[in-house]
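Summary of the model geometry
This is what each chain is made of:
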Amino acid sequence: MARLRLTLACGDYDRTRALEEATVLPDGIELTYLRLPVEETFFRMTRHREFEVAELSLSTYVLSLRMDPPPFVALPVFPSRMFRHGCVYVNVAAGIESPEDLVGKLVGTPEYQLTAGVWIRGILADHHRVPPDSVTWVVGGQERPGRPEKLALDLPERIEVQRIPDGMTLSAMLVDGGIDALCTPRLPRPFVQRDPRVRRLFPDVVKAERAYFAATGLFPIMHVVVVRRDVYQAYPWVAQSLTKAFELAKAEAAERLYDSSALPFMLPWLTQQLEQARELLGDDYWSYGLEANRDTLATFLRYHHEQGLSPRRLRPEELFAPEATESAVI
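Residues numbered from 1 in each chain as written. Predicted model: local features only at pLDDT ≥ 70, side-chain atom pairs only at ≥ 80, totals over all residues. Heavy atoms only, no water.

Remarks on the side chain of Thr16
Mapped onto the elements, Thr16 comes out in the loop between strand 1 (4-10) and helix 1 (17-20). In contact with Thr16, not counting residues within four places along its chain, are Cys10, Gly11, Tyr33, Phe246 and Ala249. (Helix = DSSP H or I, 4+ residues; strand = E, 2+ residues; numbered from the N terminus. Contact = heavy atoms within 4.5 Å.)

What follows is the structure in structure tokens.
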């Protein structure tokens, strides 16, 4: 019998490579894998619903649940996770020597609702006494002018968000002092070019992130995989089928990563870094599933609500297709 043909838009990851190469096949599904930059995938999925299945920002997905009807349903699959202390950059002349010095400052971010921004704002509030309403947030294109929010926001008055002037970029404003700091998931060009006017807020990022994990046990989730709701409603079985396939692809990648006969990536101490990660974070540190990630998801959903992005604090189980949160046991 013919398989159901679905298009998956997703990034270039070791943990999804088996799906792209079709060495792992979802039960009953023929996937066309489109390897796209995350910003393009998110924009095209939220604006035009172009794909049946796609990687999506966790924050954008939570925002989409306010629509009537919600356009997507998520799977408890997390292709992107990342600690975010390293995503805050400051102008060296702004007088910011510690996170607490951000209070009262102008802080840029490409979009207020970005998942990376939600996490770092929550971390700053919880651990460094910088609540989100103590900062003026400035939004716009990081390297090119004209970036809009992908979805309309309805923020409370206590959250101040301003758009940058037409024709300007956040990277240029960070260098010339138009903003005091920049919170962004992508390295800003001046930092990559080693401009002496820009540095990271946390000088020892790894130390800060290790301390954060030791204190919280959280490895932040950035992205989920979503299925377009019309597809899910017509074929509810695809939720379990896709979730199983993503799990198998991740397991295959983990096995390859621990093969020390030849390095799969150009990192000289890859094996040793993998061992250190497992020692600190646990063997299944990149876990999928609802229960294994309940605390991480609950923390994110609290941050989302506290920052004015959600009208109420959602529960983790409200995010996912129920068919993808449990499986048969023999």
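So, the sheet that holds strand 9 (residues 181-183)
Strand order across the open sheet formed by 6 strands is 8-7-6-9-5-10, with mixed pairing between neighbours. Because the sheet does not close on itself, it has two edges, and the strands there are strand 8 (160-163) and strand 10 (198-200). Looking at each pair of strands side by side, their axes are set apart by 30 degrees on average, direction ignored. Strand direction decides the pairing type here: strand 6 (residues 106-109) and strand 7 (residues 136-139), joined by 4 bridges, are parallel. Bridge pairing links Gly108 to Val138 in strand 7. (Pairing = 2+ DSSP bridges. Axes fitted to C-alpha atoms, helices over the stretch in contact; angles between N-to-C directions.)

Quick word on the nonpolar core
For soluble globular proteins, nonpolar side chains are generally found buried alongside one another. Ranked by internal contacts, the top residues of the largest apolar core, which has 92 residues, are Val227 and Leu319. The element contributing the most residues to this core is helix 9 (residues 238-257), with 7 residues. Beyond its immediate chain neighbours, meaning those up to four positions away, Val227 contacts Glu52, Val53, Pro71, Phe72, Val73, Leu75, Tyr232, Val238 and Leu242. Core analysis: the second largest hydrophobic core is formed by 10 residues, Val138, Leu174, Val175 and Ile179 among them. (Core = buried A, V, L, I, M, F, W, Y, C linked by side-chain atoms within 4.5 Å. Buried < 20%, exposed > 50% of the residue type's maximum accessible area, 1.4 Å probe, protein only.)

Quick word on the pairing of strand 4 (residues 72-75)
Side chains Phe72 and Ala74 of strand 4 all project onto a buried face; the interleaved residues Val73 and Leu75 project onto the opposite face, where all are buried too. Sheet analysis places strand 4 next to strand 11 (residues 223-228), joined by 4 bridges and oriented antiparallel. Note that in strand 11 the partner of Val73 across the bridge is Val227.

The quantities given are spatial measurements derived from coordinates; they are silent on function.
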